[in-house]
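Descriptive analysis of the structure
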Amino acid sequence: MTLVAGVDSSTQSTKVVIRDVANGAVAATGRAPHPDGTEVHPDAWLSALLAAIADAGGLTGVSAIAVAGQQHGMVVLDADGRVIRPALLWNDTRSASAATALIAEFGAGELARRTGSVPVASFTSTKLRWLRDAEPEHAANVSAVALPHDWLTWRLRGYGPAGESPLGPDLEQLTTDRSDASGTGYWSPASGTYDRELLVAALGHDAVLPRVLGPAESAGVTVELSGIPAGIPVAAGTGDNAGAALGLGAREGDVVVSVGTSGTVFAVTNRPTGDETGTVAGFADATGAFLPLVATLNAARILDVVAALLGVDHDELGRLALATAPGAGGLVLQPYFEGERTPNLPDATATLFGMTLATTTRERLARAAIEGLLCGLADGLDAVRAVGVDARRILLIGGAAQNPAVALIAAQVFDLPVVVPEPGEYVALGAAAQAAWALDGTRPDWPVAVAAEPAPDPHPAIRAAYAARR
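Let me begin by describing the structure that accompanies this report. Since the structure is predicted, the reported quantities are computational estimates derived from the model, not experimental observations. (Residues numbered from 1 in each chain as written. Predicted model: local features only at pLDDT ≥ 70, side-chain atom pairs only at ≥ 80, totals over all residues. Heavy atoms only, no water.)

1. Structural notes on empty space enclosed by the protein
Gaps between atoms show up when a probe of the same size as a water molecule is rolled over them. Scanning the entire structure with this criterion turns up 9 cavities of 30 Å³ or more. Computed from the structure, the largest cavity encloses a volume of approximately 90 Å³. Lining the largest cavity we find 13 residues, and of these Leu246, Gly247, Gly249, Pro444 and Trp446 sit closest to its centre. Elements with a contribution of two residues or more to the lining of the largest cavity: α9 (240–247) and α14 (426–440). Tallied by class, the residues present in the lining of the largest cavity amount to 7 nonpolar, 2 polar and 4 charged. (1 Å grid on protein atoms, 1.4 Å probe; cavity = no way out; pocket = protein on both sides within 12 Å on 5 of 7 lines; lining within 4 Å. Points joined across faces, edges and corners; volume = space filled by probe spheres on them. Helix = DSSP H or I, 4+ residues; strand = E, 2+ residues; numbered from the N terminus. Nonpolar A, V, L, I, M, F, W, Y, C, P; charged D, E, K, R; others polar.)

Below is the structure:
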């Protein structure tokens, strides 16, 4: 049996999945938590990675490994390979004004043309501009900029500060992949090159950037660490959304709709995209194709707050929602509880429309919550279609997707067939697929189990009522 390991170093935790190359079967899993907060010292990720590997029983017998990680996080290193300050994570919004400044300097259309995206506070370039302005003494010491998965891959291969790593601080050994590079704000998915002018505009000076590897390339091999034997090939790694797409086996025509704490809509396409409105981020994927992506701030938390209001759990919320007809009798929830990113309304609040004596019932409020959640994501689907994506199927993932009511109502809101895969750690599963690809040069075609495939039952009136209140 040939085994490969995939790692998901996410915001909250590290997950490790070990798979059989022959059929993709999961042989072992492990997990370890990360510290809370929107800035974290990268050493915590390495400690969690080693703990998660130990929880999975170690890597003895594993033939290759790949690390997928949270996108955008800013890891800045000095000339000795030391982390200068804790990494700013994607969800740290202190760089919002820096994003505005970069857009003012270059123009949204020009940035979309050069990088595929208009930067927002999550992007690495905006965090570097914040560092330049708020902590100039730290910015001046930056010799290299990496992303979370880049830094972990580098450390697994034995590089790092002198005295802490066997191979020392060779910054030129930093590597990344297309998907993560495309979220920096200074790399072009269309040309496959870094835009040094944008990097300098952000940081204030040039710096070493990770070499961008292809989908099947290896970054090198592991050194011996706790629970990790030396000599295991380390694949390129990937960003989390691209890892999920790879784990799901997504191909052109597939649109992944993820219902987590926040929501994402991303699609596999064979051509680069750009959107000067900033709604769609023109990312690359982990296969050599492209992954235009829309993010919403409000997703599963919509169900959390309405379930709490009604004094029920998510299962009962779903039962209540299915006890009334599509459209909730005209009750419409615009669910901008945390402001919203798509559309870009950071100061918006949630609003309930159409309240009458007849419509204001527990059942209709439950359905309005699920319909509002899904209509917001359907707006994201419209946005990726508007940049030329050929959408043929929805892959609905995330914890809330397993609620039968969410799946059934999705088949009423979306105008495409909806497939709900079995729950799984798809980012780590995708990283394992990438490890297998680097091992033998062939992208694996592992089966993905399906939990539900509701019959298409479109009700255009649901979205029409939602759009009328937008």
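2. Regarding helix α10 (residues 300–310)
Those residues of α10 lying buried are Ala300, Ile302, Leu303, Val306, Ala307 and Leu310. The buried residues of α10 occupy an angular sector of 145° when the element is viewed end-on, so they sit on one face. Looking at α10, the residues exposed on the side facing more than 90 degrees away from the buried face are Ala308 and Leu309. Here the buried face of α10 lies against β16 (254–259), α11 (314–322), β20 (332–334), α12 (362–386) and α13 (404–413). Phi turns positive one or two residues past the end of α10, at Gly311, with a value near 70°. (Buried < 20%, exposed > 50% of the residue type's maximum accessible area, 1.4 Å probe, protein only. Arc of directions from axis to C-beta. Contact = heavy atoms within 4.5 Å.)

3. Brief notes about the side chain of Thr269
In this fold, Thr269 is placed in the loop between β17 (263–267) and β18 (281–284). Residue Thr269 is classed as buried on the basis of its relative accessible area of 4%. In contact with Thr269, other than residues within four places in its own chain, are Glu252, Ala289, Phe290, Pro292 and Val389.

4. Focus on the sheet that holds strand β23 (residues 418–421)
Reading across from one edge, β18-β19-β17-β16-β22-β23-β24 is the order of the 7 strands in this open sheet, with mixed pairing throughout. Pairing within the sheet leaves two strands with one partner each, and these edge strands are β18 and β24 (450–452). The sheet shows a mean angle of 30° between the axes of neighbouring strands, direction not considered. Judged from the 4 bridges that link them, β17 and strand β19 (residues 290–296) form a sheet pairing that is antiparallel. Each bridged residue has a counterpart across the sheet, and for Gly263 the counterpart in β19 is Thr296. (Pairing = 2+ DSSP bridges. Axes fitted to C-alpha atoms, helices over the stretch in contact; angles between N-to-C directions.)

Scope: geometric values only; no functional claims are made or implied.
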